[in-house]
Amino acid sequence: MRLPRWIAHRGGGALAPENTLAGIRLAARMGFRAVEFDVMLSADDSPFLIHDETLERTTNGRGEVCRTTDRELAALDAGAGERVPSLREAALLCRRLGLRANVEVKPARGLARQTAEVVARQAQTLWGDDPLPPLLSSFSLEALEICRDLAPELPRGVLFETLPDDWPDVVRHLGAVSVHCDATRLSAEQVAAVRRQGLPLCCYTVNAIAQAERLLAWGVSSLFTDRLDLFAADAAA
Ligand code: G3P
Ligand code: MG
């Protein structure tokens, strides 16, 4: 699978409130062709775009996302008057804008199965046979196994912090089409090893030009960035 070189991180990166529709719109306006966002379940088991298990950092709410109802979540301010979007809203927007979505399944502790089941099923319905299917990714191997079993036709990316020695086995087990890992914990040798297997390697989170140039020279295929302003021209090229 070919992914764009640049992927706007957490929706629109640092220029808009993270994981919001405004962020996704901004990424598209700036020429980005792909966006990554984080998805977690509410107390009603509905998938919403939010990164943390708690509301405090990114919204004016308090407490745990998994104990907050849809109604309560929908009433929160996620910054600059933006709401916490549902997966449905984000999917419709990405499809309308022609953006490739990387849906990061971000289960709250103990909720990997439930979260993956809901996200995989909704993603199937929301994208249907769209020629740009969402890429589902997760740090949770359990979540990815469930995505594989329930929605085998949707591409999966496996997320690591540090690339483990047995990464090829993990990739094979999950049927993953891409490997995602922390840009600061990667060596040129590891990049070469992933490339030899013919898999795209995507690195998060790259916010400096020199670092981007080094990773691309090593053969990294895609970079997640918060600095849409720095990389917009290249993303749009
Ligand atoms: O999916 C890549 C990246 O978003 C993983 O880290 O914590 O920003 O979700 P995080
Ligand atoms: Mg993420």
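Treat the numbers as computed from the prediction; the structure is a model and nothing was measured.

Peer 1: Explain the side chain of Thr59 residue by residue, including any values.
Peer 2: With respect to the secondary-structure elements, Thr59 resides in the loop between β3 (47-49) and α2 (70-74). Within the local environment of Thr59, its side chain forms a polar contact with the backbone oxygen of Leu55, the two atoms lying 2.8 Å apart. Within the local environment of Thr59, its side chain forms a polar contact with the backbone nitrogen of Gly61, the two atoms lying 2.9 Å apart. Once you skip the residues sitting within four places of it in the chain, Thr59 turns out to touch Ile50, Leu76, Asp77, Ala78 and Val84.

Peer 1: How would you explain the coordination of the magnesium ion (ligand 2) if you had to name every residue and give the values?
Peer 2: In the first shell of the magnesium ion (ligand 2), the protein supplies Glu36 (OE), Asp38 (OD) and Glu104 (OE), at 2.0 to 2.1 Å from the metal. The motif formed by the donor residues of the magnesium ion (ligand 2), counted along the single chain, is E-x1-D-x65-E. Exposure class is identical for Glu36 and Asp38. Each is buried.

Peer 1: How would you explain the site of ligand 1 if you had to name every residue and give the values?
Peer 2: Inspection of the region around ligand 1 gives His9, Arg10, Glu36, Asp38, His51, Glu104, Lys106, Phe139, Leu159 and Tyr204 as its neighbouring residues. Contact distances for ligand 1 include 2.8 Å between an oxygen atom and a side-chain N or O atom of His9. Taking His51, its side chain carries an N or O atom lying 2.7 Å from an oxygen atom of ligand 1.

Peer 1: Quick one: what's the story with the nonpolar core, residue by residue and with numbers?
Peer 2: Judged by nonpolar contacts, the single largest core of 59 residues is most densely connected at Ile24, Phe32, Phe37, Val103, Trp167 and Val179. Considering every element that reaches this core, the biggest residue donor is helix α4 (residues 112-127), with six residues. Excluding anything up to four places from it in sequence, Val103 contacts Phe37, Val39, Leu87, Val119, Trp127, Pro134, Leu135, Leu136 and Ser137. Counting residues in each nonpolar core, the second largest holds nine residues, with Met40, Ile50, Leu73 and Val84 among its members.

Peer 1: Could you give me a rundown of helix α3 (residues 87-97), with the residues and numbers involved?
Peer 2: All of the buried residues in α3 are Leu87, Ala90, Ala91, Leu93 and Cys94. In a view along the axis of α3, the buried residues occupy a sector of 165 degrees, so they form one face of it. Those residues of α3 that are buried are in contact with α1 (21-29), β2 (34-41), β3, β4 (100-105) and α4.

Peer 1: Break down the state of the cysteines for me, with residues and values.
Peer 2: In this structure the tally under the stated criterion is zero disulfides. The cysteine Cys202 is free of any disulfide, with Cys203 supplying the nearest cysteine sulfur at 7.7 Å. Between Cys203, a cysteine without a disulfide, and Cys181, which holds the nearest cysteine sulfur, the sulfur-to-sulfur distance is 5.0 Å. The class of Cys203 is buried, set by a relative accessible area of 0%.

Peer 1: Go over the packing of aromatic side chains with me, naming the residues and quoting the values.
Peer 2: Overall, the coordinates contain two aromatic pairs when judged by the stated rule. Taking 4.0 Å as the distance between ring centres and 15 degrees as the angle between the ring planes, the aromatic pair formed by Trp6 and Phe231 counts as stacked. Here Phe231 lies in helix α9 (residues 228-236) and Trp6 lies in strand β1 (residues 6-8), a separation of 225 residues in the sequence. For the pair Trp6 and Phe231, one class covers both residues: buried. Where Phe139 meets Tyr204, the ring centres are 6.0 Å apart and the plane angle is 90 degrees; that geometry is what we call edge-to-face. Taken together, the positions of Phe139 in the loop between β5 (135-138) and α5 (141-150) and Tyr204 in strand β8 (residues 201-204) put the pair 65 residues apart, joining distant regions of the chain. A cation over an aromatic ring shows up here: Arg214 above the ring of Trp218, its NZ or CZ 5.7 Å from the ring centre.

Conventions we followed
- Residues numbered from 1 in each chain as written.
- Chains lettered and ligands numbered in written order.
- Predicted model: local features only at pLDDT ≥ 70, side-chain atom pairs only at ≥ 80, totals over all residues.
- Heavy atoms only, no water.
- Helix = DSSP H or I, 4+ residues; strand = E, 2+ residues; numbered from the N terminus.
- Polar contact = N/O pair within 3.5 Å; in protein donor to acceptor, adjacent residues only side chain to side chain.
- Contact = heavy atoms within 4.5 Å.
- Donors = N, O, S within 2.8 Å, 3.2 Å for Na, K, Ca; no water.
- Buried < 20%, exposed > 50% of the residue type's maximum accessible area, 1.4 Å probe, protein only.
- Near = heavy atom within 4 Å.
- Core = buried A, V, L, I, M, F, W, Y, C linked by side-chain atoms within 4.5 Å.
- Arc of directions from axis to C-beta.
- Disulfide = S-S within 2.5 Å.
- Phe/Tyr/Trp six-rings, centres within 6.5 Å; stacked < 30°, edge-to-face > 60°.
- Lys NZ or Arg CZ within 6 Å of the ring centre and 35° of its normal.

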